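Secondary and tertiary structure notes
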Amino acid sequence: MTKIRHEPIAPTRAQWLSPGAGIDAHRHDDHQIVYAARGVLAITTDAGTWVAPANRAIWVPAGRAHAHQAHGTLELHLVGLPATDNPLGLDEPTVLTASPLLRELILAYTRAPHDESPERARLRAVLLDQLRASPQQPVHLPAPTSPRLQALCALLRADRADNRTLAALGREIGASDRTLSRLFKSELGMTFPQWRTQLRLYHALVLLAENTPVTTVAHLCGWSSASAFIDVFRRAFGHTPGAHQAEAGRSADNTRITPGNTHDGTLG
């Protein structure tokens with residue numbers, strides 16, 4: 001993210017992004033809640049990537065440069081909050097569980113007239129209360145900075161089904177498994193198996209958003225069987241890949257944004 005736009009005010013609105021579209025790197029002086037009612041959203045910063053399907057929202061703190069990427073047709077809802085109003089007390093992007101109530105509050109707040117009415121103020125207050133109560137979710141893929149770890153992670157990004165051990169991968173890039181294991185923990189805050197699983201889950205969400213069959217997703221992402229993939233996916237997201245695709249299909253049949261609220265992918 002070498003060229004970063006400065007948009008002082010974080011917008012509150014809803015918009016569509018077509019599959020593969022994105023919003024280039026930018027930063028706001030405000031906080032922002034970013035929610036995808038349809039499709040899968042990825043937000044990337046210098047520190048890594050945060051991924052959110054339709055039952056997750058992403059908290060982006062004020063001043064943090066970030067870019068959006070749409071996987072599948074994306075129905076994007078943005079809620080801007082003043083920098084003085086930080087209900088989560090967080091200064092890093094964070095993925096949150098979007099409960100059914102929080103989801104509907106975000107949809108209502110981005111649809112409602114953007115006025116200073118008492119009704120809108122009450123809606124915002126309830127939204128913030130629900131945001132405070134939302135559990136944080138570890139759907140984060142941290143980005144490596146050291147050359148050896150960058151080289152190893154590039155191998156895995158090129159082939160998510162690569163099942164080689166850390167020692168075998170280390171031999172290819174000229175580093176011992178002990179050194180690489182230490183770098184994963186000190187630099188990325190997780191073990192090698194944890195990072196590889198996060199990478200695979202991220203890619204699985206992308207493939208599911210493209211309506212790839214569950215068995216094919218399991219194969220492409222390196223799981224030994226569809227059942228093994230389903231088990232890991234359920235533990236990470238609270239439902240099966242099939243249920244995830246079914247929910248995405250229901251959302252696709254229920255268009256929520258009116259033509260007057262649509263935007264292209266140049267702002268965010």
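A quick note: this is a predicted structure, and the numbers were derived from the prediction, not measured.

By secondary structure assignment, the location of arginine 13 is in strand β2 (residues 13-17). Linking arginine 13 and glycine 170, residues 157 residues apart in sequence, is a C-alpha distance of 46 Å.

Next up on the list: unusual backbone geometry. Of note, asparagine 211 is a non-glycine position whose phi angle comes to about 65°, a positive value. The topology assignment puts asparagine 211 in the loop between α6 (192-209) and α7 (214-220).

Looking now at the packing of aromatic side chains. Tallying each qualifying case throughout the model produces five aromatic pairs. Residues phenylalanine 229 and phenylalanine 233 carry aromatic rings whose centres are separated by 5.7 Å and whose planes lie at 70° to one another, so their mutual orientation is edge-to-face. Taken together, the residues phenylalanine 229 and phenylalanine 233, both in helix α8 (residues 226-237) and four residues apart, mark about one turn of the helix. Take phenylalanine 229 and phenylalanine 233: they sit in the same class, and that class is buried. In textbook terms, an aromatic cluster arises when at least three aromatic residues are bridged by ring pairs, as seen for Trp223, Phe229, Phe233 and Phe237.

Another point: the nonpolar core. Residues Leu41, Ile58, Leu76, Leu152, Phe184, Trp195 and Phe229 are the most contacted members of the largest nonpolar core, which totals 52 residues. Of the residues forming this core, the biggest block, 10 residues, is contributed by α6. Dropping the residues within four chain positions of it, phenylalanine 229 is found in contact with Ala204, Leu208, Val214, Val217, Ala218, Trp223 and Pro241. Counting residues in hydrophobic clusters, the runner-up holds 21 residues, among them Tyr35, Ala57, Leu88 and Leu96.

Conventions adopted
Residues numbered from 1 in each chain as written. Predicted model: local features only at pLDDT ≥ 70, side-chain atom pairs only at ≥ 80, totals over all residues. Heavy atoms only, no water. Helix = DSSP H or I, 4+ residues; strand = E, 2+ residues; numbered from the N terminus. Phe/Tyr/Trp six-rings, centres within 6.5 Å; stacked < 30°, edge-to-face > 60°. Buried < 20%, exposed > 50% of the residue type's maximum accessible area, 1.4 Å probe, protein only. Core = buried A, V, L, I, M, F, W, Y, C linked by side-chain atoms within 4.5 Å. Contact = heavy atoms within 4.5 Å.

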